[in-house]
Structure formats: C-alpha cells, structure tokens
Amino acid sequence: MKRFGLISMMAALGLSVAACGTVDTASRNAPLEQIPTEMAAPAPSFQLVGMDVDVPLTLKVSEANSYYPGGDIVWRGDTYGNRYEQVGAIFENAVQLGAGDLQGAMPVVVEIELQRFHALTEKTRYSVGGIHSIEFVMTIRDPQTGAIIRGPREIKADLEGYGGSKAIQAEARGLTQKYRITQHLARVVRDEMTLATGWTAPKGGVTARIVPLSPVQPI
C-alpha cells in the first residue's frame, strides 16, 4: 500500500459557522399533512487541518495504448513515471484546492482511498474521447482522536474526457487532462465537505495517521 499524507495545523481555529435556513415557497400554503415533518440536515462546518491520500499498490497500472485498457490506474497526463505517486499528487492538490480555505468550526482530517483512476489513453484522447472514470472512498476524522465524523463514503467522480479536435483545442487553452481532473476533484471534495450530503457516521473510529501538509504543487 502506498500512502501520500499531508497536514497543516492552522494558527487559529475559525469561530464563524456558516448556516442558514431555506424556505420552500411551494409549501407555504400547503395542507398541514403535506408539509415535511423533518428538518433538512444543516451543512457541515469543517476546517481542513490535514489529509491522508492512499493509492494502494494493489491497484493495477496499465500503460497499454488502446481504447479501453484493463487495469485500475490509467494515466497519461504526466510523463512516464510512478503512476501511483502522480495520481496521489493530483488528489493532494485537489483536496487542498477544494477545502484548504474552509474556515468552519470543526477541524478535520480528510482521508482518501483510491479505488479507480481511469483517464484517457493517447489513442482515445486524440480520436473519440471518453470518460475519466474516478472512484474513491472519502472519510472525515477528528484530528485529535481519529474518530470518524463522516464516512466512509464511496464516491464516483466521473468526468467527460475530450477527444479529437476538442482535446487539442482544450490543450491549447491550458485545459489539460491534469488541470481539468484536478479542478473537478477539488469541486467534488468541496461539495462533500460543505453540503448536507447524508453521510452516516459509524460507531467508534480508528486513530488516523497524520503527516505534514505540503504546499499545493502547480497544475
């Protein structure tokens, strides 16, 4: 198992909590029995103080230049090298971009465990295009006790992969696979940490492995 870890303990804990109630105008004059009896869960108020990105070495890497190669990790957005480290760095940047500026009331550590990272091969990218198929498990923990606050949550974060002339034009504008995927994952992570998504926290928790945060690398 390969792990990439980050943590940045902030000097002061943000004390403001963003919370507001919304009113469903369609139900104002509805009969009593039609009005929901349960209040919507409030959005969480988190502050990111660390992360732990896990890209297991049990995942199979494929370098085959075919339309749909087998394997769990297919990545061509960096020069040939350690794909585990490259994909791990993408997630590290994405978490930092998506949640690094949150100033909620509760400090948390985000854990990511990759299950699938299937981007486009050269053959697919410069012809028909396809889907960047990305799956991972996200868990939010208390940084002091390691107790689980939310999760584990399986997330499927697919993204359209440009092909042919569209891919070439996107590259010319700086919209590389790496840029688009990083920005997409940053939005997914931010949504998971700021929206009331219906997470279910299991009982108990295991101590989290926390290591220092490093600055976000240029995309």
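Calculation notes
- Residues numbered from 1 in each chain as written.
- Predicted model: local features only at pLDDT ≥ 70, side-chain atom pairs only at ≥ 80, totals over all residues.
- Heavy atoms only, no water.
- Patch = residues over 30% accessible without salt bridge, like charges linked within 9 Å, V, L, I, M, F, W, Y side chains within 5 Å.
- Areas by Shrake-Rupley, 256 points an atom, 1.4 Å probe, with all protein chains shown as cover.
- Salt bridge = Lys/Arg side-chain N within 4 Å of Asp/Glu carboxyl O.
- Helix = DSSP H or I, 4+ residues; strand = E, 2+ residues; numbered from the N terminus.
- Phe/Tyr/Trp six-rings, centres within 6.5 Å; stacked < 30°, edge-to-face > 60°.
- Buried < 20%, exposed > 50% of the residue type's maximum accessible area, 1.4 Å probe, protein only.
- Contact = heavy atoms within 4.5 Å.
- Polar contact = N/O pair within 3.5 Å; in protein donor to acceptor, adjacent residues only side chain to side chain.
- Core = buried A, V, L, I, M, F, W, Y, C linked by side-chain atoms within 4.5 Å.
- Pairing = 2+ DSSP bridges.

## Considering a nonpolar patch on the surface
Reasoning step 1: A contiguous nonpolar patch, built from Tyr 67, Tyr 68 and Val 128 and spanning about 400 Å² of accessible area, is present on the exposed surface.
Reasoning step 2: For Tyr 67, the position within the fold is in the loop between strand 2 (46-55) and strand 3 (73-74).

## Side note on unusual backbone geometry
Where the residue is not glycine, phi is negative for most of them; where a peptide bond is considered, it is trans in most cases.
Reasoning step 1: Cis geometry is adopted by the peptide bond preceding Pro 152, which originates at Gly 151 and carries an omega value of -5 degrees.
Reasoning step 2: Tracing the backbone shows Pro 152 in strand 6 (residues 148-156).

## A few points about the packing of aromatic side chains
Reasoning step 1: Tallying each qualifying case throughout the model produces 3 aromatic pairs.
Reasoning step 2: Ring plane angle 80 degrees and centroid distance 5.5 Å describe the contact between Trp 75 and Phe 117, whose orientation is recorded as edge-to-face. One end of the pair, Trp 75, is in the loop between strand 3 and helix 1 (83-99); the other, Phe 117, is in strand 4 (residues 106-118), and 42 residues separate them in sequence.
Reasoning step 3: Residue classification places Phe 117 among the buried residues on the basis of a relative accessible area of 1%.
Reasoning step 4: Considering the side-chain rings of Phe 91 and Phe 117, the 6.3 Å spacing of their centres and the 65 degrees angle between planes classify their relative orientation as edge-to-face. Placement of the pair is Phe 91 in helix 1 and Phe 117 in strand 4, with a sequence separation of 26 residues.
Reasoning step 5: Exposure remark for Phe 91: the relative accessible area of 1% places this residue in the buried category.
Reasoning step 6: Put simply, the rings of Trp 75, Phe 91, Phe 117 and Phe 136 pair up and form one aromatic cluster.

## Some points on the environment of Glu 122
Reasoning step 1: Here Glu 122 is to be found in helix 2 (residues 122-125).
Reasoning step 2: On the accessibility criterion, Glu 122 (37% relative accessible area) is partly exposed.
Reasoning step 3: Put simply, Glu 122 and Gly 163 are 41 residues apart on the chain and 9.6 Å apart in space, counted from C-alpha to C-alpha.
Reasoning step 4: Apart from the residues lying within four places of it in its own chain, the contact partners of Glu 122 are Asn 65 and Arg 76.
Reasoning step 5: Within the structure, the side chain of Glu 122 is placed 3.2 Å from the side chain of Arg 76, a separation counted as a polar contact.

## Points about the nonpolar core
Reasoning step 1: In this structure, Phe 91, Phe 117, Phe 136, Met 138, Ile 181, Leu 185 and Met 193 are the most contacted members of the largest nonpolar core, which totals 34 residues.
Reasoning step 2: Of all elements in the fold, only strand 2, helix 1, strand 4, strand 5 (130-141) and helix 4 (177-194) reach the threshold of two or more residues within this core.
Reasoning step 3: For this core, the leading source of residues is helix 1, giving 7 residues.
Reasoning step 4: When neighbours within four sequence positions are excluded, Phe 91 is seen to be in contact with Val 53, Ile 112, Leu 114, Phe 117, Ile 134, Phe 136 and Leu 185.

## Describing the pairing of strand 4
Reasoning step 1: With 8 bridges connecting them, strand 2 and strand 4 associate as parallel partners. By the bridge assignment for strand 4, Gly 50 is matched with Val 109.
Reasoning step 2: Taken together, the 2 bridges between strand 3 and strand 4 define a ladder with parallel strand orientation. Residue pairing across strands places Val 74 opposite His 118, the latter belonging to strand 4.

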